[in-house]
Amino acid sequence: AKRQEMEDLITVLTKDGVEEEFRPNKIYDSIKRAFVESSMRFEESQIEWLVNREINQCEDGFTCEQIQNIIELTLMRYRPEIAKIYIMQNLKKGE
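Counting starts from 1 at the beginning of each chain's written sequence and moves along it residue by residue. The model is predicted, so local features are restricted to residues of pLDDT at least 70 and side-chain atom pairs to those at 80 or more, both for listing and for counting; the totals for chains, interfaces and linings are taken over all residues. Note that the side-chain values use all heavy atoms of the structure and ignore hydrogens as well as water.

## Observations concerning the nonpolar core
Definition in use: Among buried residues, those of type Ala, Val, Leu, Ile, Met, Phe, Trp, Tyr and Cys that are joined through side-chain atoms within 4.5 Å constitute a nonpolar core. Only protein chains enter the accessibility calculation, which uses a 1.4 Å probe; a residue is then buried when its area is under 20% of its type maximum, exposed when over 50%, and partly exposed in between. Think of it this way: any DSSP run of H or I at least four residues long counts as a helix, any run of E at least two long counts as a strand, and we number them from the N terminus.
Formed by 22 residues in total, the largest nonpolar core has its most connected members in Phe-22, Ile-27, Ile-31, Val-51, Ile-67, Ile-71 and Leu-75. Looking at this core, the elements with two or more residues in it are helix H2 (24-38), helix H3 (44-55), helix H4 (64-78) and helix H5 (80-94). The greatest single-element share of this core, amounting to 5 residues, is contributed by H2.

Structure representation (structure tokens):
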């Protein structure tokens, strides 16, 4: 319920400056890719917990970069081994 409420209330600014709906599923998918790439065993509930921690820090009008920073900091705090993979994946995407 909290996730849906946040999704309904928050808009983000893309790198191009376009306002779009906040989509927590994008955060979930990117974190899951990092877990899968790590070959570590994980539960979906672990990813859900991390996503919820991040959503609680997001505010309306945040840029995608600000949200990405929140994700990286949260992962570094709770799952540093996943943070490294997540950051490397994003660097590859930006090339």
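## So, the packing of aromatic side chains
What counts here: Only rings of Phe, Tyr and Trp enter the pairing, Trp through its six-membered ring, and a pair is recorded when the two centres are within 6.5 Å. The plane angle decides the type: under 30 degrees is stacked, over 60 is edge-to-face, the rest tilted.
All told, the structure shown has 2 aromatic pairs when counted by the stated rule. Ring centres of Phe-35 and Phe-42 lie 5.1 Å apart, and the angle between their planes is 45°; on these two criteria the pair is classed as tilted. Under the relative-accessibility criterion, Phe-42 is labelled partly exposed at 22%. Where Trp-49 meets Tyr-78, the ring centres are 4.8 Å apart and the plane angle is 90°; that geometry is what we call edge-to-face. In this pair, Trp-49 is assigned in helix H3 and Tyr-78 in helix H4, connecting sequence segments 29 residues apart. We classify Trp-49 as partly exposed; its relative accessible area is 41%.

## Points about unusual backbone geometry
With a phi angle near 65°, Ser-39 is a residue other than glycine that sits in the positive phi range. Counting through the fold element by element, Ser-39 comes out in the loop between H2 and H3.

By themselves, these figures tell us nothing about what the structure is for.
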